[in-house]
Amino acid sequence: MRKPLKTIMLLLLLMLYGAPVSCLAAEIILVVNPGSTLTGITWRAAERIFLSKKTEWSQGEHIHVVVNNNPEVYASFCREILKKTPQQYLLYRKKMLFNGSGIPPLVMNSDQEVKAFVAATKDAIGFIRKDSLDPSVKQLVIR
Amino acid sequence: MRLKKMTTIFSALLALLLLPMPLAAYDLNEKIQLHGFASQGYLDSAGNNFLSDSLDGTFAFNEIGLNLNLRFNDQLRFGGQILSRKMGSYGDNSIRLDWGLADYRFQDWAGIRAGKVKIPLGLYNTERDSDFLRPMIFLPQSIYDETRRDTWLAHWGGELYGNVAREAFGDFDYKLFYGRIKYEGDSVYHDSTLDNINRRLADNLADPNPDPLLPPHINQCDRDNDYLYGANLIYSPPMENLRLGISYVSQQDTTYADNEKIGEYKTNSYFVLSLEYAWRNLLLSAEYGENDRTQTLYDVTTFDGPNQAWYVMLTYSATDRLSFSVLYDEYWKEKYNKDDTIHASGRYNSTPWRKDWGFGLRYDVNENWTVKGEWHMVDGSALLLEFFNPEGTERYWQYGVVKASFNF
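These numbers were taken from a predicted model, which means no experiment stands behind them.

1. Quick word on the overall build of chain A
Link 1 in the chain: Looking only at helices and strands, chain A features five helices and six strands.
Link 2 in the chain: Each helix and strand of chain A, placed in order from N terminus to C terminus, yields the pattern α-β-β-α-β-α-α-β-α-β-β.
Link 3 in the chain: Sorting the 143 residues of chain A into buried and exposed places 61% on the buried side.
Link 4 in the chain: By sequence separation, contacts in chain A at least 24 residues apart represent 69% of the contacts at least 6 residues apart.
Link 5 in the chain: Taken as a whole, chain A presents about 6,100 Å² of accessible surface, with 58% of it coming from carbon and sulfur.

2. So, the overall build of chain B
Link 1 in the chain: Per the secondary structure count, chain B includes three helices and 19 strands.
Link 2 in the chain: Burial status across chain B gives 54% buried among its 408 residues.
Link 3 in the chain: In chain B, the proportion of contacts linking residues at least 24 apart, taken out of those at least 6 apart, comes to 62%.
Link 4 in the chain: Surface summary for chain B: the accessible area is close to 17,800 Å², and the carbon and sulfur share equals 59%.

3. Describing the sheet that holds strand β2 (residues 40–41) of chain A
All names here are of chain A.
Link 1 in the chain: Overall, mixed pairing links the six strands, which are arranged β2-β6-β1-β5-β3-β4 in an open sheet. Of all strands in the sheet, those bounded by a partner on one side alone are β2 and β4 (106–108).
Link 2 in the chain: Sheet topology places strand β3 (residues 64–68) next to strand β5 (residues 124–129); two bridges connect them, and they run parallel. Following the sheet pairing, V65 is matched in β5 by I125.

4. With respect to unusual backbone geometry
All names here are of chain B.
Link 1 in the chain: The backbone phi angle of N241 is positive, close to 60°, even though this residue is not glycine.
Link 2 in the chain: As for its position among the elements, N241 is in the loop between β8 (221–236) and β9 (242–257).
Link 3 in the chain: With relative accessibility at 13%, the residue N241 sits in the buried group.

5. Digging into helix α3 (residues 71–82) of chain A
Residue pairs spaced three or four apart in an α-helix point in one direction, given the helix's 3.6 residues per turn.
Residue and element names in this part refer to chain A.
Link 1 in the chain: In this model, α3 (12 residues) spans 15 Å end to end at C-alpha, consistent with the 16 Å of a helix rising 1.5 Å per residue.
Link 2 in the chain: Regarding α3, the residues found buried are V73, Y74, A75, S76, F77, C78, I81 and L82.
Link 3 in the chain: Here α3 starts with a cap whose side-chain oxygen sits 3.1 Å from the backbone nitrogen of E72, and that cap is N70.
Link 4 in the chain: Two residues or fewer after α3 comes K83, characterised by a positive phi angle close to 60°.

6. Topic: the packing of α3(A) against helix α4 (residues 86–98) of chain A
Residue and element names in this part refer to chain A.
Link 1 in the chain: Here α3 crosses α4 at 90°, and the two axes come no closer than 8 Å. Classified by the angle between their axes, α3 and α4 sit roughly perpendicular to one another. From α3, Y74, A75, F77, C78, R79 and L82 reach across to α4, where they touch P86, Y89, L90 and R93.
Link 2 in the chain: Split by residue class, the contact of α3 with α4 holds eight nonpolar, no polar and two charged.

7. Focus on the pairing of β3(A)
All names here are of chain A.
Link 1 in the chain: Extensive coverage of β3 is indicated by the burial of five of its five residues.
Link 2 in the chain: Here β3 shows a buried face lined by H64, V66 and N68 and a second buried face lined by V65 and V67.
Link 3 in the chain: As defined by bridge partners, β3 adjoins β4 across three bridges and the pair is classed as parallel. Looking across to β4, one finds that N68 is bridged to M108.

8. Quick notes on the interface of chain A and chain B
Link 1 in the chain: Each partner contributes residues to the interface: chain A has 55 residues there, and chain B has 77 residues.
Link 2 in the chain: Contact with chain B buries surface across chain A, with R44(A), F98(A) and I103(A) losing the most and accounting together for 14% of the total.
Link 3 in the chain: Summed over the shared surface of chain A and chain B, the number is five salt bridges.
Link 4 in the chain: Ionic pairing is found between D320(B) and R79(A), a salt bridge with its closest N-O pair at 2.7 Å.

9. Describing the side chain of D171(B)
Link 1 in the chain: Among the structural elements, D171(B) can be located in strand β7 (residues 170–180).
Link 2 in the chain: Here the side chain of D171(B) touches N163(B) through a polar contact of 2.9 Å, side chain to side chain.

10. Side note on the pattern of salt bridges
Link 1 in the chain: Enumeration according to the criterion identifies 37 salt bridges over all chains in this entry.
Link 2 in the chain: D111(A) is the salt-bridge partner of R129(A), the closest N and O atoms lying 3.1 Å from each other. A residue pair is termed long-range when its members are at least 10 positions apart, and R129(A) in strand β5 and D111(A) in helix α5 (residues 111–120) qualify at 18 residues.
Link 3 in the chain: Its relative accessible area of 2% is what places D111(A) among the buried residues.
Link 4 in the chain: Between R354(B) and D356(B) there is a salt bridge, and its shortest N-O distance comes to 3.0 Å.
Link 5 in the chain: For D356(B), a relative accessible area of 0% gives the class buried.
Link 6 in the chain: One connected set of salt bridges, linked through shared partners, spans R85(B), R128(B), D129(B), E146(B), R149(B) and D150(B).

11. Quick notes on the packing of aromatic side chains
Residue and element names in this part refer to chain B.
Link 1 in the chain: For the coordinates displayed, the defined rule picks out 31 aromatic pairs over all chains.
Link 2 in the chain: Relative to F132, the ring of F37 lies with its centre 5.3 Å away and its plane at 50°, an arrangement referred to as tilted. With F37 in strand β1 (residues 32–46) and F132 in the loop between β5 (110–118) and α2 (149–152), this residue pair connects regions lying 95 residues apart in the sequence.
Link 3 in the chain: We classify F37 as buried; its relative accessible area is 4%.
Link 4 in the chain: Overall, the relative accessible area of 2% leaves F132 in the buried class.
Link 5 in the chain: Seen in terms of ring centroids, Y104 and F106 are 4.9 Å apart; in terms of plane orientation they differ by 70°. Their pairing is edge-to-face.

12. Focus: α5(A)
Residue and element names in this part refer to chain A.
Link 1 in the chain: Taken together, the buried positions of α5 are D111, V114, K115, F117 and V118. For α5, the buried positions fall inside an angular range of 165° around the axis, keeping them on one side. Turned more than 90 degrees from where α5 packs its buried face, Q112 and A120 sit exposed.
Link 2 in the chain: Residues of α5 that are buried make contact with β1 (28–32), β3, α3, β4 and β5.

13. Re empty space enclosed by the protein
Residue and element names in this part refer to chain B.
Link 1 in the chain: With the rule as written, the count across this model stands at eight cavities of 30 Å³ or more.
Link 2 in the chain: Put simply, the second largest cavity is a space of about 420 Å³.
Link 3 in the chain: In this structure, the second largest cavity is lined by 28 residues; those nearest its centre are R85, R96, R149, D150 and E184.
Link 4 in the chain: Elements with a minimum of two residues in the lining of the second largest cavity: β3 (76–87), β4 (95–107), α2, β6 (154–166) and α3 (188–206).

Definitions and limits used
- Residues numbered from 1 in each chain as written.
- Chains lettered and ligands numbered in written order.
- Predicted model: local features only at pLDDT ≥ 70, side-chain atom pairs only at ≥ 80, totals over all residues.
- Heavy atoms only, no water.
- Helix = DSSP H or I, 4+ residues; strand = E, 2+ residues; numbered from the N terminus.
- Buried < 20%, exposed > 50% of the residue type's maximum accessible area, 1.4 Å probe, protein only.
- Contact = heavy atoms within 4.5 Å.
- Areas by Shrake-Rupley, 256 points an atom, 1.4 Å probe, with all protein chains shown as cover.
- Pairing = 2+ DSSP bridges.
- Expected span 1.5 Å × (residues − 1).
- Polar contact = N/O pair within 3.5 Å; in protein donor to acceptor, adjacent residues only side chain to side chain.
- Axes fitted to C-alpha atoms, helices over the stretch in contact; angles between N-to-C directions.
- Parallel < 35°, antiparallel > 145°, perpendicular 65-115°, else oblique.
- Nonpolar A, V, L, I, M, F, W, Y, C, P; charged D, E, K, R; others polar.
- Buried area = accessible area lost by both parts, 1.4 Å probe.
- Salt bridge = Lys/Arg side-chain N within 4 Å of Asp/Glu carboxyl O.
- Phe/Tyr/Trp six-rings, centres within 6.5 Å; stacked < 30°, edge-to-face > 60°.
- Arc of directions from axis to C-beta.
- 1 Å grid on protein atoms, 1.4 Å probe; cavity = no way out; pocket = protein on both sides within 12 Å on 5 of 7 lines; lining within 4 Å.
- Points joined across faces, edges and corners; volume = space filled by probe spheres on them.

Next up, the structure:
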């Protein structure tokens, strides 16, 4: 190994030493448009929707998926519902983009933005904190 | 002098990385999305040259990509990505189409893509040029041999794809593809083939009884792909974060020297078995592959039979931003001839195996910036090109890489 490379690796390690650790948690629920007839969904189906493997509801309507990028909500959703680390799900969505296999779900930055999108979009699905639930959207229970 | 220059460049890069970057918002809506990436690496090695004149260290290691997706309606999408790259003296940052396709998804279980489509070989071939999508900078070379990048990158043709799900049994992602590869003129493999043929011709001239039908030298070497087809199946059983895969591909090239056909290269069958399992903060990846190939040049079969390749990689995410990876990667040029003594084939001192221990770390500064570093300790010189090591190779050698990537 050459000396410049060793120096760079050392600098990188020193930078990593100060890396922040996130350990946040929030109770997360799935929400759909209030006009939806759905009341519940299996964990498998929810996972396939957010992995863009399932793109249609049972009647054939296209599912409009939105990812909530609020750090606390996003991390809880990944760990509790997708059983992935936040980083794993982020990379999964980026892979779709950069290898040409598809367009990943839309990303919004808060519960309010997600609720506004889901309320305005028939056949939409998203996730928010449970305590943000209001009549503008409808909870979809994971069975 | 060199250390000072390196440290200055790296410090400047670190300062840039630590600047507060607003998250790019290019998801204009569900109809149009524009994204891209850029990366710059530094590659160094000891013992042998790897993919470039790396013994001297090189910054000639970068990629820039830009992609645009247009969703015409819920079923139809058009997309494309242009890529500019440099790896040693290859690529030269010229702009090329990486992939470009029309995608029509009839149902979740059936869709079709046509155009320039990535080849779904193993778990990671489709994201070959986007190293920020994986834990380590280099993919395991036994399966994802960088010198054969042009052969396995993408094809012009089409693929049928879909996801078939059964609640009790999990789901299957499948792809069936057929097409042709259009080789670029400036590729490592292309130039090394020209170099190898001329060395064989020189050996023939030096032989006491030379074959009079062989030319003394060739000036140009080209490959045309006759066909490529294959399939890829990924099974996600009803178990969290487990993926099992199998890939199969077959292809045939015709080789020309100074516009005359001189031989063929045929992949009779290339299969890869894949496993990926994420448990808590650990990610395990393992793949096993055999490429049964035949090459003929000037009516002589230069190799015929399967190689053998496998690797195991374990990645531990210490935090959401920081991960460490350990890789063991093994390759045998001939599955049924594992002579473990160093042997000389012609004047080129080479081993028929390559055993690579790799150690890497990755730090995601934010959603857009990634820095990575890794080093590898290798026993064996299989897969190394004589083209880069004309004086012969060392059995024990090392290489190391650092790379910074930005994507939006």
